[in-house]
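Topology and contacts: notes
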Amino acid sequence: MVGAGDEVSAAEREVVELCRELIAIDTSNYGDHSGPGERAAAEYVAEKLDEVGIEPTVYESHPGRSSVVARVPGEDSGRAPLLVHGHLDVVPADAADWTHDPFGGEIFDGCVWGRGAVDMKDMDAMVLAVMRQRMREGRRPPRDIVLAFLADEEAGGTWGARWLVDRHPELFADCSEAISEVGGFSVTVAENRRLYLVETAEKGIAWMRLIARGTAGHGSMTNGDNAVTELADAVARLGRHRFPIHLTKTVRTFLEEVCAEFGIEFDENDAEATVARLGSVASMLGATLRHTVNPTVLDGGYKANVIPGTATAQVDGRFLPGLEEEYFAEIDRLLGPNVSREFIHHLPSVETEFEGGIVSAMSESLLAEDPGAKAVPYCLSGGTDAKSFQSLGIRNYGFAPLRLPPELNFSGMFHGVDERVPVDGLRFGARVLDRFIGMS
Ligand SMILES: [Zn+2]
């Protein structure tokens, strides 16, 4: 969508092609090294950067698992650089479930279709398109920009962001702020009014294994110390538990903004009703009102007449920023004395302030392209590579600008079937991102 009198920029023309070509490179991440890896996509990105005079370095953490990092000099290299990162991997897709080939990158009904269209080859393409145009036109950003196109985000970043932060922290150490997924997308609240949700917080992740130990024995005899029974009780207690609503700073600000938008009184006790007003993104936002824990795997025993000595389960726990200790205290209380837990995966929560020059740049760049825009902070219930960069003291923002039509179920696109991104949204994103980089 181009406003009257505007010309279509090179970035706007190129972003769609770049997105389609990136989608066509299958980078499915199965959580181990069995997938195709990110190398082909990394080489593609490196070539696109190299073409315009940006010097990329490709890092390979494991054969085929590649990331690309480059530094673009700005007008004032004395300022702390801005990190702009995106992941190159995608979650797998089963073509049988899709209307169009998930690795086709084809355009239907005004959208680019395919795995990664919103998570997050769209943003990768925007960053490439905008930086390529800036380099061609000799428009330097105000400060240095560190570009990172990363492997393995979908499996926690072990072979991507985490690996780079551990092995090559000097690449990012002087960056003060970072932008990436999952934010900057619009939620329509009225015909000419859209909230753009900027991610400023993420819940922490605690995937846990629960272990119940008891007395093994014959299934025909009495047994007051049955591991399967203990485990089943504990799993049921966790699964049925509903943590109370606890509004973190980010979520409170978000809800206040939403209430102001709808002209309703902010009522802390009515947080769920407020979130429900936001339509299809409500399921994503509802999970940020409280801690959660969901049982996911059960395992115990091997024969109907043998009582096993141990039984195990797995649960997916997510805790709110700043409330980790309280969370685990409650989990332990629910588990009781006979069931222990260990981490399968434990990643911190993230939270930063929604203020300062970088936030003004987001608001202004959105407003310049959408007069009905209002940027608001929100908390993501999932996790991203921001968790790794936070450990270097970098302030993280989810800002991958996309103007979306109201009818698109955007949160359902993430890891979903028929993932797609509007062509207009991509072009809008490229325009906003270019303005943002010019102001940041
Ligand atoms: Zn993602």
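Residues numbered from 1 in each chain as written. Predicted model: local features only at pLDDT ≥ 70, side-chain atom pairs only at ≥ 80, totals over all residues. Heavy atoms only, no water.

A short note on the overall build of the protein
Short version of the rule: Every helix listed is a DSSP run of H or I at least four residues long, and every strand listed is a run of E at least two residues long, numbered separately from the N terminus. Values of the radius of gyration come from C-alpha atoms, whereas the globule rule sets the reference at 2.2 Å times the count of residues to the power 0.38. Only protein chains enter the accessibility calculation, which uses a 1.4 Å probe; a residue is then buried when its area is under 20% of its type maximum, exposed when over 50%, and partly exposed in between. Two residues qualify as a contact provided that any one of their heavy atoms is within 4.5 Å of a heavy atom in the partner residue. Only the protein chains shown count as cover for residues, and all accessible areas are computed by the Shrake-Rupley method using a 1.4 Å probe. For the purpose of charge, His is not counted, nor are the chain termini; Lys and Arg are scored as positive and Asp and Glu as negative. To locate a charge, take NZ of a lysine, CZ of an arginine, CG of an aspartate or CD of a glutamate.
Check the secondary structure of the protein and you find 13 helices and 19 strands. Against the compact-globule benchmark of 22 Å for 440 residues, the protein has a radius of gyration of 23 Å, which places it among compact chains. C-alpha atoms of the protein, sized along the principal axes, occupy 85 × 55 × 45 Å. Counting only residues that meet the buried cut, the protein has 53% of its 440 residues in that class. Intrachain contacts of the protein at a sequence separation of at least 6 include 79% that bridge at least 24 residues. With the model as given, the accessible surface of the protein reaches about 18000 Å², and the carbon-plus-sulfur share is 48%. Measuring between centres, the 41 positive side-chain charges of the protein sit 1 Å from its 70 negative side-chain charges.

Some points on the sheet that holds strand 12 (residues 292-300)
Inclusion rule: Any two strands between which DSSP finds at least two bridges are classified as paired. Under this scheme, a helix contributes an axis fitted over its contacting stretch, all axes are lines through C-alpha atoms, and angles between N-to-C directions fall in the 0 to 180 degree range.
The 4 strands lie next to each other as 12-14-10-15, forming an open sheet whose pairing is antiparallel. Whereas interior strands pair on both sides, the edge strands pair on one side only; in this sheet they are strand 12 and strand 15 (339-347). Sheet twist, expressed as the mean angle between neighbouring strand axes with direction ignored, is 20°. Two elements, strand 12 and strand 14 (residues 310-319), share 8 bridges in a ladder whose sense is antiparallel. Paired with Val-297 across the two strands is Gln-314, which belongs to strand 14. Contacting strand 10 (204-213), strand 12, strand 14 and strand 15, helix 5 (residues 227-240) crosses the sheet at an angle of about 15° to strand 14. Sheet strands in contact with helix 9 (residues 324-335) are strand 10, strand 12, strand 14 and strand 15, and its direction is about 150° off that of strand 15.

Quick notes on the coordination of the zinc ion
Short version of the rule: The rule for donors is simple: an N, O or S atom within 2.8 Å of the metal counts, and for Na, K and Ca the reach is 3.2 Å. Water is not among the atoms, so a site may look short of donors.
Only His-87 (NE2), Asp-119 (OD), Glu-181 (OE) and Glu-181 (OE) from the protein coordinate the zinc ion, and they sit 1.8 to 2.7 Å from it. For His-87, a relative accessible area of 1% corresponds to the buried category. On the basis of relative accessible area, Glu-181 is assigned to the buried category, the value being 7%.

Examining the packing of helix 1 (residues 10-24) against helix 13 (residues 423-439)
Stated precisely, the cut-off is as follows: We call two directions roughly parallel when the angle between them is under 35 degrees, roughly antiparallel when it is over 145, roughly perpendicular when it lies between 65 and 115, and oblique otherwise. Here a crossing is taken to be left-handed if its near helix is turned anticlockwise relative to the far helix by less than a right angle, and right-handed if that turn runs clockwise. When residues are grouped by polarity, Ala, Val, Leu, Ile, Met, Phe, Trp, Tyr, Cys and Pro land in nonpolar, Asp, Glu, Lys and Arg in charged, and all others, Gly among them, in polar.
As a packed pair, helix 1 and helix 13 sit with axes 9 Å apart at the nearest point and diverge in direction by 125°. Comparing the axis directions of helix 1 and helix 13 gives the class oblique. Handedness of the helix 1/helix 13 crossing: right-handed. Listed contacts from helix 13 to Ala-11, Glu-12, Val-15, Val-16 and Cys-19 of helix 1 are Val-423, Leu-426, Arg-427, Ala-430 and Arg-431. A per-class count over the contact of helix 1 with helix 13 returns 7 nonpolar, no polar and 3 charged.

Section: a negative patch on the surface
Selection criterion: Exposure above 30% relative accessible area and the lack of any salt bridge qualify a residue for a patch; like charges then connect within 9 Å, and the nonpolar side chains Val, Leu, Ile, Met, Phe, Trp and Tyr within 5 Å. Throughout this description, the term salt bridge denotes a Lys or Arg side-chain nitrogen within 4 Å of a carboxyl oxygen of Asp or Glu.
On the surface, a cluster of negative charge is contributed by Glu-43, Glu-47, Asp-50 and Glu-55. Inspection of the secondary structure puts Asp-50 in helix 2 (residues 39-51).

Shape descriptors only; they carry no functional weight alone.
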